[in-house]
Amino acid sequence: MIPLFSDVAMNRNLDFLGAVKKVLDRHWYVLGEEVTGFESEFADYVGVGYCVSMANGTDAIEIALRSVGVESGDLVVTVANAGFYSSTAIHAVGATPLYVDINPSCMTMSVDALAEALKFKPKCVIVTHLYGQMANIKELLALAHAAGVMLIEDCAQSHGAKTDGHQAGSWGDAACFSFYPTKNLGAMGDGGAVVTNNDELAARLKTLRQYGWSSKYHVGHAGGKNSRLDEMQAAILRIKLPLLDSWNASRRDIAFRYNEAFANLGFDALPSVDDSFAAHLYVARIQNRDAFREFLKSEGVATDVHYPVPDHWQAAYTQPRVAGSMEVTDSSCKNLVTLPCFPGMADEAVDTVIAAVKKYFEQ
Ligand SMILES: *Cc1c(COP(=O)(O)O)cnc(C)c1O
């Protein structure tokens, strides 16, 4: 079976044991020199002043929301097609998600929908760069800032994606990353970070990730929690970061081969493959999705759906707030399918996926 993702080939020939042993020999496990080193290297990579690492990507969004002053009762604008991660963080601070629709071509926040939502006077906007494609960040940012509203980027699927030569994560007031193992930059466990150019936000983020401490055992800021990256994950991320651009390039090559092969099939592929695309997931729209997935499975190809249930239809939250129509979100979630695309995926495996998709359309 060709899996959706595998880090076996990706991690081959990399020495993680040496780096982990150094951490073990140092006997310093949390917020030490590996974390400091990774934070400065990752800030340089994104092209921002500060990186504050955290325990995972969802905590990163929650703490970023707190750092920009979002409180209980506030509205936070977000999309509903990105796996409930931003919604989890918004609920965790006691705020309310205000869902808006997406643009059908890129599946990220619609500029018109944001304009509509800003009339409700939200405290903040979270823009998710989904599948490795950047949202229309320039227009979204201009709109939000003109209304005096802070903008947080969710870059958990877009490490290394660019707009006009500037990285995902360098546009918003703050930006959140996840280093979950399957992400474009993944640890061997959980990890996350918030990046920013704003000195004050960076200082607040550092206190909020550690109990709200202004100094050891002195709580100077309300709303803190414990969310720290550990030294072993940081050491592993420092080995992987220099390889991120080449891994993204090989993800893009696979997406490019798929796009070429599927061009005349009537298969509605989403990725526009240029340098701005980090190719986190290769997603297409297809009628009769279940039949397609069954067929690919019988040909030895794993598929998945990102994501089957929009946030405003999740069973645990029964009275969602939406601004305007959610038609694109609602209609597309029934047709989305994700194909295998990961660095180190063998050429023959890519051939097998292409042959299986073609066979489905020829039958
Ligand atoms: C993975 C992901 C997150 C959350 O990251 P975790 O580290 O799993 O908490 C947030 N947003 C998006 C878009 C993601 O894909």
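Residues numbered from 1 in each chain as written. Predicted model: local features only at pLDDT ≥ 70, side-chain atom pairs only at ≥ 80, totals over all residues. Heavy atoms only, no water.

Caption draft 1: Summary view of the site of the ligand. Residues in contact with the ligand, as listed here, are Asn-56, Gly-57, Thr-58, Tyr-85, Thr-128, Asp-154, Ala-156, Gln-157, Ser-178, Lys-183 and Tyr-307. The contact in question runs from an oxygen atom of the ligand to an N or O atom on the backbone of Gly-57, over 2.7 Å. Contacts to the ligand include Lys-183, whose side-chain N or O atom sits 2.7 Å from an oxygen atom. Protein chains shield 93% of the accessible area of the ligand, which is 380 Å² for the free molecule. Under a 2 Å grid-point criterion requiring more than half of the atoms, the pocket assigned to the ligand is the largest pocket. Residues belonging to the shell around the ligand are distributed by class as follows: 3 nonpolar, 6 polar and 2 charged. (Near = heavy atom within 4 Å. Polar contact = N/O pair within 3.5 Å; in protein donor to acceptor, adjacent residues only side chain to side chain. Areas by Shrake-Rupley, 256 points an atom, 1.4 Å probe, with all protein chains shown as cover. 1 Å grid on protein atoms, 1.4 Å probe; cavity = no way out; pocket = protein on both sides within 12 Å on 5 of 7 lines; lining within 4 Å. Sits in = over half its atoms within 2 Å of the grid points. Nonpolar A, V, L, I, M, F, W, Y, C, P; charged D, E, K, R; others polar.)

Caption draft 2: Structural view of the sheet that holds strand E13 (residues 282–285). Pairing is antiparallel in the open sheet, where 3 strands are placed in the order E12-E13-E15. With one partner strand each, in any of the chains shown, strand E12 (268–269) and strand E15 (336–339) form the two edges of the open sheet. As defined by bridge partners, E13 adjoins E15 across 4 bridges and the pair is classed as antiparallel. Across the sheet, the residue bridging to Tyr-282 is Leu-339, located in E15. Against the sheet, helix H10 (residues 244–262) engages E12, E13 and E15, with an angle of about 25° to E13. (Pairing = 2+ DSSP bridges. Helix = DSSP H or I, 4+ residues; strand = E, 2+ residues; numbered from the N terminus. Contact = heavy atoms within 4.5 Å. Axes fitted to C-alpha atoms, helices over the stretch in contact; angles between N-to-C directions.)

Caption draft 3: Quick peek at the domain arrangement of the protein. Examined at the domain level, the protein breaks down into domain 1 (7–242) and domain 2 (243–362). Relative to domain 2, the C-alpha centre of domain 1 lies at a distance of 24 Å. Across the boundary between the two partners, domain 1 contributes 44 residues, which contact 38 residues of domain 2. Summing both partners gives a buried area of about 3500 Å² for domain 1 against domain 2, and 58% of it is carried by carbon and sulfur. Summed over the shared surface of domain 1 and domain 2, the number is 0 salt bridges. Here domain 1 is connected to domain 2 by 24 residue pairs in polar contact (both at pLDDT 80 or more). If you list the elements that add at least two residues to the side of domain 1 that touches domain 2, you get helix H1 (8–11), strand E2 (75–79), helix H5 (85–92), strand E3 (96–100) and helix H9 (231–240). Ranked by residue count, the leading element in the side of domain 1 that touches domain 2 is E3, at 5 residues. Among the residues forming the side of domain 1 that touches domain 2, the class breakdown is 26 nonpolar, 14 polar and 4 charged. (Domains from an automatic or database assignment. Buried area = accessible area lost by both parts, 1.4 Å probe. Salt bridge = Lys/Arg side-chain N within 4 Å of Asp/Glu carboxyl O.)

Caption draft 4: Inspection of the packing of aromatic side chains at higher detail. One pass over the structure, following the stated rule, counts 19 aromatic pairs. Seen in terms of ring centroids, Tyr-85 and Tyr-307 are 6.2 Å apart; in terms of plane orientation they differ by 80°. Their pairing is edge-to-face. Taken together, the positions of Tyr-85 in helix H5 and Tyr-307 in the loop between helix H11 (289–298) and strand E14 (321–322) put the pair 222 residues apart, joining distant regions of the chain. Residue classification places Tyr-307 among the buried positions, given a relative accessible area of 14%. Residues Tyr-258 and Tyr-282 carry aromatic rings whose centres are separated by 4.9 Å and whose planes lie at 70° to one another, so their mutual orientation is edge-to-face. (Phe/Tyr/Trp six-rings, centres within 6.5 Å; stacked < 30°, edge-to-face > 60°. Buried < 20%, exposed > 50% of the residue type's maximum accessible area, 1.4 Å probe, protein only.)

Caption draft 5: Highlighting helix H7 (residues 137–146). Looking at H7, one finds that the buried residues are Ile-137, Leu-140, Leu-141 and Ala-144. Buried residues of H7, seen end-on, are gathered within an arc of 95° and therefore sit on one face of the element. Structurally, H7 contributes buried residues whose contacts are with helix H6 (111–117), strand E4 (124–128), strand E5 (150–154) and strand E6 (162–163). Looking one or two places after H7, you find Gly-148, whose phi comes out positive at around 75°. (Arc of directions from axis to C-beta.)

Caption draft 6: Representation of the pattern of salt bridges. One pass over the full model with this rule turns up 18 salt bridges. Note that Asp-25 and Lys-21 form a salt bridge whose closest N and O atoms lie 2.8 Å from each other. Residue Asp-25 and its partner Lys-21 are both found in helix H2 (residues 17–26); the two are separated by 4 residues, about one turn of the helix.

Caption draft 7: Here's a closer look at the sheet that holds strand E1 (residues 50–54). With respect to topology, 8 strands assemble into an open sheet ordered E1-E9-E8-E5-E4-E2-E3-E14, the strand pairing being mixed. In the strand order of this sheet, the two ends are held by E1 and E14, each with one partner. As defined by bridge partners, E2 adjoins E3 across 5 bridges and the pair is classed as parallel. Looking across to E3, one finds that Val-79 is bridged to Val-100. Docked against the sheet, helix H3 (residues 33–46) engages E1, strand E8 (174–178) and strand E9 (192–196), running at close to 130° with respect to E1. In this fold H5 packs onto E2, E3 and E4, with an angle of close to 150° to the strand it touches most, E3.

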